[in-house]
Amino acid sequence: MNRLQSFIFRLALAANVFYFGVSTMHAQTPTPPPAQAPDKAPAKADEDEGNPFAPQPAPTLPPGMTGSDTNDPRYTLTPGLYDAGETSMGLKHVLLLKKPDVFQLGTTDPDDPKVQKTLGLLGMGNASKAPKPLQLVIAELAFSNSDFAFQGTHLFQGNFYGVSIYDISNPAKAALLTTLVCPGGQGDVSVYKNLLFMSVEMPNGRVDCGSQGFPPEPPPPAGEEKKRHIPAAQKDRFRGVRIFDISDIKNPKQVAAVQTCRGSHTHTLVLDPNDRENAYIYVSGTSFVRQPEELAGCSNEEPDKDPNTSLFRIDVIKVPMAAPQDAKIVSSPRVFIDPRTGAINGLNNGGSHGKGAETPKDTNQCHDITVYSAIGLAAGACSGNGLLLDIKDPVHPKRVDAVNDPNYSYWHSASFSNDGTKVVFTDEWGGGLGARCRPNDPNKWGADALFTLKDNKLNFETYYKLPAAQGDTENCVAHNGSLIPVPGRDIEVQAWYQGGVSVVDFTDIAHPFEMAYFDRGPIDPKMLILGGDWSAYWYNGSIYGSEIARGLDVFELTPTKFLTQNEIDAAKTVHVNELNVQNQQKLEWPAKLVIAKAYLDQLERSQALPAEQIASLREAILGAEKSHLNKKSLAKLKTMSATVETNAGTAKSPVDSTRMHSLAEVLKHPVA
Amino acid sequence: MFGYRQNAKLQLFTVKSASRTGTQVVGLRCGFLIASALASSLSFDARAQQQNSTTPPVVVQPGAPGKPSKTLPPSTKGTLPPKSPADVEFMQGMIMHHAQAVEMTALIPSHTENKELQSLGARISSSQSDEIKFMKRWLAARGEAISMAMPGMPDMDKSGPAMALMPGMLSPEQMEALRKAHGAEFDRLFLIGMIQHHNGALTMVKDLFDTAGAGQEADIFNFATDADNTQRAEIRIMQSMLDKKGLDK
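What counts as what
- Residues numbered from 1 in each chain as written.
- Chains lettered and ligands numbered in written order.
- Predicted model: local features only at pLDDT ≥ 70, side-chain atom pairs only at ≥ 80, totals over all residues.
- Helix = DSSP H or I, 4+ residues; strand = E, 2+ residues; numbered from the N terminus.
- Buried ≥ 20, exposed ≤ 12 C-beta atoms within 10 Å, placed from the backbone.
- Contact = placed C-beta atoms within 7 Å.
- Pairing = 2+ DSSP bridges.
- Axes fitted to C-alpha atoms, helices over the stretch in contact; angles between N-to-C directions.
- Expected span 1.5 Å × (residues − 1).
- Parallel < 35°, antiparallel > 145°, perpendicular 65-115°, else oblique.
- Left-handed = near helix turned anticlockwise from the far one by under 90°.
- Nonpolar A, V, L, I, M, F, W, Y, C, P; charged D, E, K, R; others polar.

A. A look at the overall build of chain B. Within chain B, the secondary structure is distributed over seven helices and three strands. The order of helices and strands in chain B, counted from the N terminus, is α-β-β-β-α-α-α-α-α-α. When the 249 residues of chain B are sorted by exposure, 55% land in the buried category. When contacts within chain B are restricted to residue pairs at least 6 apart in sequence, those whose partners lie at least 24 apart make up 70%.

Dropping the structure here:
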């Protein structure tokens, strides 16, 4: 560290802040000349009080809570933007593709007085030598990468400034095809057939995808009242869901832009199995309601003042596939309604966090919704609550259950187990911008909450949080993940921002455990710069991470004691044409022998079958493979399947019983 | 990502945990960062590969619905929406505004035994202190002054002449009454005052987004959205505390 520069910067900041603090908080105390401050001000106090960039130290753990593991190698990785230390288990990091240039702030004009001033604070004289950190600091969120969607060999990576489209036909050599410039954040994306959907919530969003935003009002004439109320209704502003035609992947065209009152923070593609003519979009808006002058009908009032308030609802957009330009909102379901009283603000977070005294508050927004049309249900992560919605009529989702949790701060996202008997919710405590995996951050806060789902009822089971402690300059909390299609197990890969990527097995819902991970050190050791993986999703054999600041990560699973090569190969047999993680699809495995081998590995691991039986089954499978499934080998497998079927009836655990049934099915009718 | 930073958990903490919430990112600090970032931009990182497609990538900017898309030069770089003086004033004003909330909550330990209020106060103090820090970072990183240089700002010196306050801020008289009150009367004045104060913050956020060209920058958008959500929730809590206790009678 350059002590002089650091010192100068702290001095300048300390003087600035110290002056402010004194003048506002204790105005009766004479203000000491700032120049004297550094003489005696201990560095510690400077660090804590004077420098707003200093990271927040974690407080002591609340009584009865435990934190995370500081002996984990992930706790001590070296910092760096592109050269940070890395460590992994069960995951091979095969690629980091840097963010496209378009999603980086243009070289900061070194002659800009503001830039000069910031650099002055840093003790840097020459602006032309330091564009990178300025980009990171002044434009962190503005160019953040966000969520993913996949189609065929194309990966769509959302960004607050647009969308990047990659060719992933060879995942290890992923290549940028198209950068679509269209600012407005946060750029949540979905893809269906020839249409790409994108969420826009910020007021700089323009119908025409322009990056110029809207001009500030001119300074008032001298002598005029400073605070004038000027309605900022802008007919060219866009907040809602954009629809692009991507028939030509190198020349996407906007075909529709459906405006909503709160914009779209996230959205979810919903496909009705009984309606192939239309696609539906559930819109979750979390930010301010715009004025009715800008979009008719919008209302920011509380429900007691205006029963038609734009709060306390989600929006449903219907997209006619033959005429997507006619897409429009067809309903605004009041999913928080109290069915007994009809009050539209019928849900609250149940308060607490341990203290019974807290008064509940109303839940007025969903943050993200995961639909699972195969079982006719959706799980809504709705700020103060987790919701279960019946979506058999997708235009009119109906709440069938709602849960809250004393340790939950912000219900953020959800995913179902493949059999629909479990739901994993995430808590985005700190909003994703905070360091929430420090050693003293409770491992029940900012964690996954695992629920069983039976008869339309959610029942809490346990929490899972990234077990490794992270530093205080690493934004870290539970974030987006997807299932990994290993048959016979419930496995999710999940992003934890700068906490990296963690793969968790929740087959036994009461005892979820980490089975693989990847992490890199913080972007910076001295202050928190926003970064890390926003999403980590499995798609057709690889895992992709959307790194907010750095770019696109690609990983491969590698065998460990927790996962065999057969299980990895079995997962790779599942191929989908499209993946929009929040539109969850039922995973189905072909009756290939590798699936049987994966089940055998699992039954061996759980010691559910005798070793000799497993050995003979493996031998028979090998024989069938070598003989290219000749009649004799198939007959042998079929015979053996009967025994396995019998074993299933007496298996000690339901999980192993299901595995044996599935194994027997494959052995009966294997395919090449 | 970026649900609002609801700091509900913080109520478990005592006042000394005020520093605990949201390290709200952003910021430049020391020469080390410059040095490391410079080093990484100069030395080519072998891991971060360049794309190797057969055809070069394109940069496309779609037009309005139904309009053709434009192809932009590959060298195109991102730009930020125009800076609005209203953004800077919002941040500077909100720091002032938040500072009064912290000042109010600081009275709680010596003025009331109400555990519920103490818990609420700790949480408000914590989240507002945290947000003050974020706002200072936002301003400092952009080379802006932390406090407003112009006249017309609230005068926190209670002995001075009354000046225009930010929306919802308690007048010197109200602050004095709060300081003098104890027990149930303090609880009542605090809740009424803090609801007034928080409603002022909502007004400030509304004014920000109602100002042409303001609130377009991603960090301030996210911050203002969070502040709005958090304070709305806290208003409801305080209102129901008032209702429950019949304190507003």
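Additional details are given in the paragraphs that follow.
B. The environment of Gln585(A), seen in detail. With respect to the secondary-structure elements, Gln585(A) resides in the loop between β30 (578-579) and α7 (593-605). Residues Gln585(A) and Leu269(A), spaced 316 residues apart in sequence, show a C-alpha to C-alpha distance of 11 Å.

C. Region of interest: the sheet that holds strand β14 (residues 328-331) of chain A. All names here are of chain A. If you trace the four strands from one edge of the open sheet to the other, you get β11-β12-β13-β14, paired in antiparallel fashion. With partners counted over all chains shown, the strands left at the sheet margins are β11 (266-270) and β14, one partner each. Mean inter-strand twist for the sheet, computed between neighbouring axes without regard to direction, equals 35°. Alignment of strand β13 (residues 315-320) against β14, held across three bridges, turns out to be antiparallel. Residue pairing in the sheet places Ile 317 in a bridge with Ile 329 of β14.

D. Focus on helix α2 (residues 85-106) of chain B. Here α2(B) is 22 residues long and its end C-alpha atoms lie 32 Å apart, about the 32 Å a rise of 1.5 Å per residue gives. Where burial is concerned, most of α2(B) is hidden: 16 out of the 22 residues are buried.

E. Up close: the sheet that holds strand β16 (residues 377-382) of chain A. Residues and elements named next belong to chain A. Across the sheet, which stays open at both edges, the four strands sit in the order β15-β16-β17-β18 with antiparallel pairing between neighbours. Edge positions in the open sheet fall to β15 (368-372) and β18 (398-403), since each of these has one partner strand only. Pairwise comparison of adjacent strand axes, ignoring direction, gives a mean angle of 20° for this sheet. Bridge count for β16 against strand β17 (residues 385-390) is six bridges, and the pairing is antiparallel. Of the residues in β17, the one forming a bridge with Ala 381 is Gly 386.

F. Looking closely at unusual backbone geometry. All names here are of chain A. Residue Gly 185 is joined to Gln 186 through a cis peptide bond whose omega torsion reads -10°. One can find Gln 186 in strand β7 (residues 186-192). The phi torsion at Asn 456 lies on the positive side, around 60°, for a residue other than glycine. Mapped onto the elements, Asn 456 comes out in the loop between β21 (448-454) and β22 (457-464). On the basis of neighbour count, Asn 456 is assigned to the exposed category, with 12 C-beta atoms found within 10 Å.

G. Up close: the pairing of β17(A). All names here are of chain A. Among the six residues of β17, five are classified as buried, and the element is accordingly described as predominantly covered. As consecutive antiparallel partners, β16 and β17 are separated by two residues, and within that stretch Ser 383 has a phi angle of approximately 55°, a positive value. Pairing analysis gives five bridges linking β17 to β18, with the strands arranged antiparallel. Bridge pairing in β18 places Leu 388 opposite Asp 401.

H. Quick look at the packing of α7(A) against helix α8 (residues 611-626) of chain A. Residues and elements named next belong to chain A. Running from amino to carboxyl end, α7 crosses α8 at an angle of 165°, the nearest separation of the two axes being 11 Å. With respect to each other, α7 and α8 are oriented roughly antiparallel. Regarding α7 and α8, the two cross each other, and that crossing is left-handed. Packed against α7, whose contacting residues are Leu 593, Ala 596, Lys 597, Leu 600, Leu 603 and Glu 604, the element α8 presents Ile 614, Leu 617, Arg 618, Ile 621, Ala 624 and Glu 625 at the interface. Each residue belonging to the contact of α7 with α8 can be placed in one class, and the counts come to eight nonpolar, no polar and four charged.

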